[in-house]
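# Breakdown of the fold
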Amino acid sequence: MTKKFTRGRLCALGTSGAGLVVLVIAVVVGWVVVPNVIDGKVKDETQLVESSDVWEKWKDIPVPIYLKVWFFNVTNAHEFGTTTTSDWSAVPQFKEVGPYVFKETRVKYDIREGPLDTLYFRQNISYVFDAAMSGEGLHENDIVTTVNLPFVAAITLLQINKPLHMLGNALLTSLLSSNESIFASAAVNKVLFKGVDLKPIYKTVELAARALSIPLPDEIFNGTFAYYRGKNDSNGEGEWRVYRGVEDSTMFNTIKSVNDGKTRLEPWWKDHCAMVNGTDGTMFPPFITKDTRLYIYVPEICRSIFIEYDSETEYEGIKGYRFKLPPEMFTDPYVYTANMCFCMDVKGEFNNSCNFNGMGRLFSCKANVPVTIGKPHFLDADEWVVEEARKFGMSPRRNDHDTFLDLEPNTGFPLRAHKRLQIGAEIQPLNETVTLLTPLRTIPHIIYPVFWADEQAVLDEPLIDEIKQKLTTPLKIVMISKWTAVAIGIALASGGAALFTYSWFH
């Protein structure tokens, strides 16, 4: 029996065909055309050109940034005497004090276009104490007692530099005779930014070092000391050069050089460790994936760090990726060999081994002063280090002490950031062939914590609304629209097919 194509059957075929057309169009538009349009728009807006949406945000960062600092205040400093026969083998007791919070402002200036898709600029960074956000009752003029780093620096410089050996014991004796000890007290704002006025004996050490062309750490200058010396309300890093991201969006805001053209961090580090990698941490290239390893250059610790994908997250309705500082950053170089080029020689009679986890030595970029860097409260350090830290009253907690960064992956724009790092001082005893002074021979080989800082940035409400308006909401509309179109296409195609089948057999 021969079936004929009646008007109903032709109508059914037409409905089915229309459904397939709608389905194909939905797939092509929803999965090909629209994403390409959005990607193109994101690329256009993540370029360092004055017409782009990101220009003003890059030039004068609108995200509120706060530097939060916790000091490890020594409560039993009196047990460490200041005579040439004092015994310094006592266990120091630390009480964490903070946070002392400073509002951080970054403004770029002297911006000019360079060759090969680059921008040159300088940056002014300022820190202003915020009493409201600081711990209750805390003030920037509070006195804290911490490791006396100028004293540690003097000990080190006098022992590792042969030209100073002749002066060594005499100057060390003078230091101890002037009531100097391994710990010292100073106001918070002075030890961080303004500078602590050192005793005249330090000026003698400084003048001797400079006369013999022996390098000194930047933190010590003209008889004063501060951890952020020259970093407040100033351009402490010279001229930066970054890629604009016009020719290659994957290079957006990536550093080409720092400190007036420096592309390698030599002689501080060697091999790949000397590379200036990544961005300054304020903005990243667009289209970040879970496989992306992000690098951030941190001038305060003279090196780049990296963060890796940890989990999906959401902030104020905006979906993002959370990246964390992995344990490998400060892993024993004999275990994680990529860190071997951070294991620089320690001069003199000091321990030259780097086989420990959780901390990195900054000696090479601090004029051989034994400064260390790691996660707060020795998080992810070797168990023996953590056990020693517990004797100090410290307790590492991942939620409170780990570094993380939440990013909107399409734009690379930070949603939340907590860069948490701890400064310490590695103290080592001197043997009797170096000095006969009892304090310096009885002190154990130990890493004293000094302070830890959390550089925090969190999007405020206006920026949240802007991201939602320009990216999140359009993406949601596109997603809903394309799946609605698919559903209609499937329904039409299925309905037409069913109608055709029914009419054919009836």
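The name given to the protein chain in an unreviewed UniProt entry is Sensory neuron membrane protein 1, and the organism recorded there is Orchesella cincta. Taken from UniProt, the Subcellular location (unreviewed entry) comment for the protein chain reads in full: "Cell membrane".

We now examine the sheet that holds strand β6 (residues 196-197). Here we have 3 strands laid out as an open sheet, ordered β6-β8-β7, and antiparallel in their pairing. At either end of the open sheet lies a strand with only one pairing partner, and these are β6 and β7 (220-221). Looking at chain direction, β7 and strand β8 (residues 224-225) are connected through 2 bridges and run antiparallel. Across the sheet, residue Ile-220 finds its bridge partner in β8, namely Phe-225.

Bringing the state of the cysteines into the picture now. Counted by the stated rule, this structure contains 3 disulfides. Across the disulfide, Cys-343 is cross-linked to Cys-354 (sulfur-sulfur distance 2.1 Å). Its S-S torsion of about 90° marks the bond between Cys-343 and Cys-354 as right-handed, since a negative value means left-handed. In this pair, Cys-343 is assigned in the loop between β13 (318-324) and β14 (359-361) and Cys-354 in the loop between β13 and β14, connecting sequence segments 11 residues apart. The exposure class of Cys-343 is buried, given its relative accessible area of 12%. By sequence-ordered numbering of the bonded cysteines, the protein chain has its disulfides arranged as 1-3, 2-6, 4-5.

Further remarks concern the side chain of Asn-76. One can find Asn-76 in the loop between β1 (65-74) and β2 (94-114). Beyond its immediate sequence surroundings of up to four residues, Asn-76 is in contact with Val-91, Pro-92 and Gln-93.

This paragraph deals with the pattern of salt bridges. Scanning the model with the defined rule gives 27 salt bridges in all. Residue Arg-106 is joined to Glu-455 by a salt bridge in which the shortest nitrogen-to-oxygen separation is 3.2 Å. Taken together, the residues Arg-106 in strand β2 and Glu-455 in strand β18 (residues 446-458) connect sequence positions 349 residues apart. Considered together, Arg-106 and Glu-455 belong to a single accessibility category, that of buried residues. Residues Asp-380 and Lys-375 are paired through a salt bridge, measuring 2.7 Å at the closest nitrogen-oxygen approach. Its relative accessible area of 25% is what places Asp-380 among the partly exposed residues.

Each value, and the rule that gives it
Residues numbered from 1 in each chain as written. Predicted model: local features only at pLDDT ≥ 70, side-chain atom pairs only at ≥ 80, totals over all residues. Heavy atoms only, no water. UniProt positions renumbered as here; feature names shortened; annotations may be inferred. Pairing = 2+ DSSP bridges. Helix = DSSP H or I, 4+ residues; strand = E, 2+ residues; numbered from the N terminus. Disulfide = S-S within 2.5 Å. Buried < 20%, exposed > 50% of the residue type's maximum accessible area, 1.4 Å probe, protein only. Contact = heavy atoms within 4.5 Å. Salt bridge = Lys/Arg side-chain N within 4 Å of Asp/Glu carboxyl O.

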